[in-house]
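# An overview of the molecular structure
Letter by letter, the chains look like this.
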Amino acid sequence: MSYERILGDLAERDERIVVMTAENRAAIRGLPARLGSRFIDTGITEMTLVGMATGLALRGRIPVVHALAAFLTLRAYEFIRTDIGITGVPVKLVGYVPGILSEANGPTHQAIEDLALMRAIPGLRVFCPADGPELVAGLPHIVADPHPWYIRYVDAAARLPHTGEFAIGRAEVHGDDGGTPPDVSLVACGYTAGEAHGAAEILRQDGLRVHVVNLRTLVPVDESALLEAARADLVVTVEDHRRVGGLHSRLCELLVARGLRANVRAVAIEDWFTPALLADAIVHAGLDAGSIAARTRAWLSQLEVDHVR
Amino acid sequence: MTTRHRPPLTPAQLADLQDLALAVRAHCVRMAGGGGCFLGASLSCADLVVYLYRHVLQVDPRQPDREDRDWFLLSKGHDVPALYGTLAELGFFPRERLAKHLSPDDCLYWHPNRGVPGVEYHSGSLGHLLAVGAGVALDLKLRGHDQKVYVLLGDGELNEGSVWEAVLVAAAHRLDNLIVVVDRNGFQANLRTEELVPLEPIADKFRAFGWYAAGVDGHDFNALHDVFSELGGSDGRPRAVIATTVRGRGLRNLEARADRWFCRLSDGEVAGFLAELRGGGAVDLDTPGLVVR
Ligand SMILES: [Mg+2]
């Protein structure tokens, strides 16, 4: 099952659903034929795209708005905030090639502050699927939910084994349930959750107990999963997003709000990432499993040194 | 959808429009007392709003959300006192509610909020509601309904790129059920439009983007009636009416004043302007211009 297929199926079952795009058709080439006039392409016009989606929503439609993540969240930010955010009309924004997935396009196309921006809009919910199967599993829930959403598009094959049913606001936790906190918690969302999963396998070969928390939705966030993860000796957040405003910030906000201390480190994008094909870009950005594992080991060693002192 | 030819306004209809516009202007003046409001822009579009609600829009004050209504979207939201006044006069909500202007107990503030019955959507940031209106118009088309969507734009608002983006897309989607009315009062906040970013020829710009466009005197009810009577048609072209108006219309010492954008009137000015509307003389202003807002 693909994103395009499930979107077409959902729209065929529910005439309220319209699929809109700013001429970003790569992932949805079959939908114009399937949906006819309920496939709406406004051309390269992100502001008008979001405004028209709002008007359609006011008439009872559920617009799924598919556009390049960087241009949708940045060019049309005020339209998302003002047209959609103020009233909370149920528009579902899908950001295509977010984060590291923009590969070799360069900084113009790097949506690496999208989570910060979308999270700052009251009532707007955020879904960061780890892979294509998770996107497909979550989409029916997102479309049925009455809130507006931002979805970080991803179409990769399964990047980690998925456990249990998808549920909004519930994380997926991987690792042994030893009854005591693990040595390391890797807290991730989106495409890099797969890299966190790979890093955990490497670290376990060192004899470490490692949990991986795949958040799935960043808004609403699974606070109990975050608090549980924070009981580990070391918590590493992993995201293909700037350190500011995304998952790392969300965890730190929660810990401060609860008055809790934890050893938290961030694997994130510090400024811009080097444009390259995905396999190279992710290594160059230090977001691959090997880099995450290596930095985690170093942080653990530093904690031991600090502890001995 | 066919071209709607209508008989000219009768003397009784004209008198009714003039009475209604007078009442709306008086509401605007009262709202400009106390905490103030954007009085000049409200007075330039007051006749347009009154005419549309009386003779064009199919709306029901008792059921503002009826599915089969026409839509009116006020994109240049700072002129909302004219809309508040019109909605109150038409019975969308009691006139007494206008006394709640700027009260934290209500939502009648300086820009529209849909908590006020009859207000379709919020605005304030310029360049938003044409695209929203295009979305509404597109849904009406998809469902085969023949209601129309009217969007009032300011002339200064035409500076915004998002307006022209939506103008382009509305034509691409053949939204001939979408009607823009431009309140061409010649001013943006502090300056005459042509002194800053010249807009003319506005009608030709819309035509070049694939729209039908017509000009009209925005204070002449007979002329408005003619233009809106001939605005129908299903040729795929969205409609634009460029209505030439006067900022501050009806209050002689406020008319076409660059320094009277946001007005916070004294009690004496309010009383004087209300008397002027009823046929009294021009009022000497005692408050300074260029109130910063
Ligand atoms: Mg103006």
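It should be noted that the structure appears before, not after, this text.
Let us look at the structure shown here.

What counts and what doesn't
- Residues numbered from 1 in each chain as written.
- Chains lettered and ligands numbered in written order.
- Predicted model: local features only at pLDDT ≥ 70, side-chain atom pairs only at ≥ 80, totals over all residues.
- Heavy atoms only, no water.
- Core = buried A, V, L, I, M, F, W, Y, C linked by side-chain atoms within 4.5 Å.
- Buried < 20%, exposed > 50% of the residue type's maximum accessible area, 1.4 Å probe, protein only.
- Domains from an automatic or database assignment.
- Contact = heavy atoms within 4.5 Å.
- Salt bridge = Lys/Arg side-chain N within 4 Å of Asp/Glu carboxyl O.
- Helix = DSSP H or I, 4+ residues; strand = E, 2+ residues; numbered from the N terminus.
- Patch = residues over 30% accessible without salt bridge, like charges linked within 9 Å, V, L, I, M, F, W, Y side chains within 5 Å.
- Areas by Shrake-Rupley, 256 points an atom, 1.4 Å probe, with all protein chains shown as cover.

### Concerning the nonpolar core
- Judged by nonpolar contacts, the single largest core of 85 residues is most densely connected at A:M20, A:L215, B:L130, B:V149, B:L178, B:F206 and B:W211.
- Split by domain, this core shows at least three residues from each of two domains, domain 1 (3–152) and domain 2 (172–308) of chain A.
- With near-sequence residues (within four places) excluded, B:W211 lies in contact with B:L130, B:V167, B:A170, B:A171, B:L178, B:V180, B:F206, B:R237, B:P238, B:R239 and B:A240.
- Within the second largest apolar cluster, 63 residues are counted, among which are A:L135, A:A196, A:I269 and A:L303.

### Structural notes on the pattern of salt bridges
- A full pass over the atoms with the stated rule returns 45 salt bridges over all chains.
- Measuring nitrogen to oxygen at the nearest pair gives 2.9 Å for the salt bridge that ties B:E67 to A:R59. One end of the pair, B:E67, is in the loop between α2 (39–55) and β1 (71–74); the other, A:R59, is in the loop between α3 (46–58) and β3 (62–68), on a second chain.
- Given the relative accessible area of 44%, B:E67 is considered partly exposed.
- The salt bridge involving A:E195 is made with A:R159; its shortest N-O contact spans 2.8 Å. Linking A:E195 in helix α8 (residues 192–204) with A:R159 in the loop between β6 (149–152) and β7 (172–174), this pair joins segments that are 36 residues apart in sequence.
- Residue A:R159 is classed as buried on the basis of its relative accessible area of 18%.
- Among the charged side chains, a network of salt bridges with common partners joins A:E15, A:R59, A:R61, B:E67, B:D139 and B:R143.

### Overview of a nonpolar patch on the surface
- A cluster of nonpolar side chains, contributed by B:L191, B:L196 and B:V197, occupies part of the molecular surface with about 230 Å² of accessible area.
- Along the chain, B:L191 turns up in the loop between β3 (178–184) and α6 (193–196).

### Points about the environment of B:F228
Residue and element names in this part refer to chain B.
- Counting through the fold element by element, F228 comes out in helix α8 (residues 221–229).
- The class of F228 is buried, set by a relative accessible area of 7%.
- Spatially, the C-alpha atoms of F228 and V151 are 14 Å apart, while their sequence positions differ by 77 residues.
- If we skip the residues at most four places from it in the chain, F228 touches R6, Y51, L52, V56, Y150, I179, V181 and V241.

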